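Now for the letters of each chain:
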Amino acid sequence: MTEPTHDSGGDDDPMQDLIGRQLRLMYDSVLSEPIPESIIDLLAKLDSIPVPEDTNGEGDAEHQ
Amino acid sequence: MNARDDLVRQIPNLRAFAVSLSGNSEKADDLVQEALMKAWSSIEMFEPGTNMRAWLFTILRNVYYSEFRRKRREVEDADGKMAANLATHPEQIGHLDLVDFRAALAKLAPDQREALVLVGASGFSYEEAAEICGCAVGTVKSRVNRARAKLSELLALQSSNEYGPDHYNRAVVDTRKP
């Protein structure tokens, strides 16, 4: 399969390298932020709504 | 890991995608909340073992586009707001360069911006991105190419206007130091 399946990131074009880096820097900076209070609160509310227990089917190999 | 735990694990990525789409941290968290509520209420539709991140991203972008159509003017004004709203991380890259990048990203058409983020930052393949966007793989590729070309143009133009033509070359060289 010679058709690229993933973004190659611009190979050796310095501008495209810069774009790729800036993009990931921007994205990763949000990724590493703690989850805001408002979303934690929402999850707590959603948790109090009954949900089918384990939609996974397989046993819980890992807890937490 | 059950679906609920899987969902919670993806929240940071969902936030990062929402910020990239909307250009605004506050708006992004509103989008994320709406997406989470929709996801939660249809969690039974999620097929265990499939890609939770992709599923959540699909929901989020649907929320984004239905909001986007209603609030078009706010998005067109995203430019200045975006640069003002987002935190910057100077580090190795000059403060102004990251702000410039974000401002430039905000200028892209949303479909180009999201395609670039999906394959360039969220880690999806072209095929996965195509499924999320509901379009052909070729369409994703051409959107990514156009996004990159447009950003290249905007960043080069911006830096040569403000700092002279060598600015972006210097920034590029500096950030390539090991």
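This structure is a prediction, so every number in the text was calculated from the model and none was measured. (Residues numbered from 1 in each chain as written. Chains lettered and ligands numbered in written order. Predicted model: local features only at pLDDT ≥ 70, side-chain atom pairs only at ≥ 80, totals over all residues. Heavy atoms only, no water.)

Attention now moves to the packing of aromatic side chains. The geometry of two aromatic rings is summed up by the distance between their centres and the angle between their planes. All names here are of chain B. Counted by the stated rule, this structure contains four aromatic pairs over all chains. A ring pair is formed by Phe46 and Trp55, whose centres lie 5.2 Å apart and whose planes are at 50°; its orientation type is tilted. In terms of burial, Phe46 and Trp55 fall into one category: buried. Ring geometry for Tyr64 against Tyr65: centres 5.2 Å apart, planes inclined by 70°, an arrangement best described as edge-to-face. Through a chain of ring-to-ring contacts, the aromatic side chains of Phe17, Phe57 and Phe124 assemble into a single cluster. (Phe/Tyr/Trp six-rings, centres within 6.5 Å; stacked < 30°, edge-to-face > 60°. Buried < 20%, exposed > 50% of the residue type's maximum accessible area, 1.4 Å probe, protein only.)

Further remarks concern helix 2 (residues 37-47) of chain A. Within helix 2 of chain A the residues assigned to the buried category are A:Ile39, A:Leu42, A:Leu43 and A:Leu46. Viewed along the axis of helix 2 of chain A, the buried residues span an arc of 100°, placing them on a single side of the element. Facing away from the buried side of helix 2 of chain A by more than 90 degrees, the exposed set consists of A:Glu37 and A:Lys45. Lining the buried residues of helix 2 of chain A we find helix 1 (3-9), helix 2 (11-22) and helix 3 (25-41) of chain B. (Helix = DSSP H or I, 4+ residues; strand = E, 2+ residues; numbered from the N terminus. Arc of directions from axis to C-beta. Contact = heavy atoms within 4.5 Å.)

Here we take up the confidence of the model for chain A. Model confidence for chain A is summarised by a mean pLDDT of 77, while 66% of its residues fall at 70 or above. Of the regions scoring below 50 in pLDDT, residues 57-64 of chain A engages in four contacts with residues more than four places distant in sequence or in other chains. (pLDDT = per-residue confidence, 0-100.)

On inspection of all chains with the given rule, the structure shows zero disulfides over all chains. Cysteine B:Cys133 is unpaired, with the sulfur of B:Cys135 as its nearest cysteine sulfur at 5.0 Å. (Disulfide = S-S within 2.5 Å.)

This next bit is on the packing of helix 2 of chain B against helix 3 of chain B. All names here are of chain B. Contact geometry for helix 2 and helix 3: axes closest at 8 Å, N-to-C directions at 130°. Classified by the angle between their axes, helix 2 and helix 3 sit oblique to one another. Seen along the crossing, helix 2 lies across helix 3 with a hand that is right-handed. Each of Ile11, Leu14, Arg15, Ala18, Val19 and Ser22 in helix 2 lies in contact with helix 3, whose residues at this interface are Ser25, Lys27, Ala28, Asp29, Leu31, Val32 and Leu36. Looking at the contact of helix 2 with helix 3 residue by residue, the class counts come to eight nonpolar, two polar and three charged. (Axes fitted to C-alpha atoms, helices over the stretch in contact; angles between N-to-C directions. Parallel < 35°, antiparallel > 145°, perpendicular 65-115°, else oblique. Left-handed = near helix turned anticlockwise from the far one by under 90°. Nonpolar A, V, L, I, M, F, W, Y, C, P; charged D, E, K, R; others polar.)

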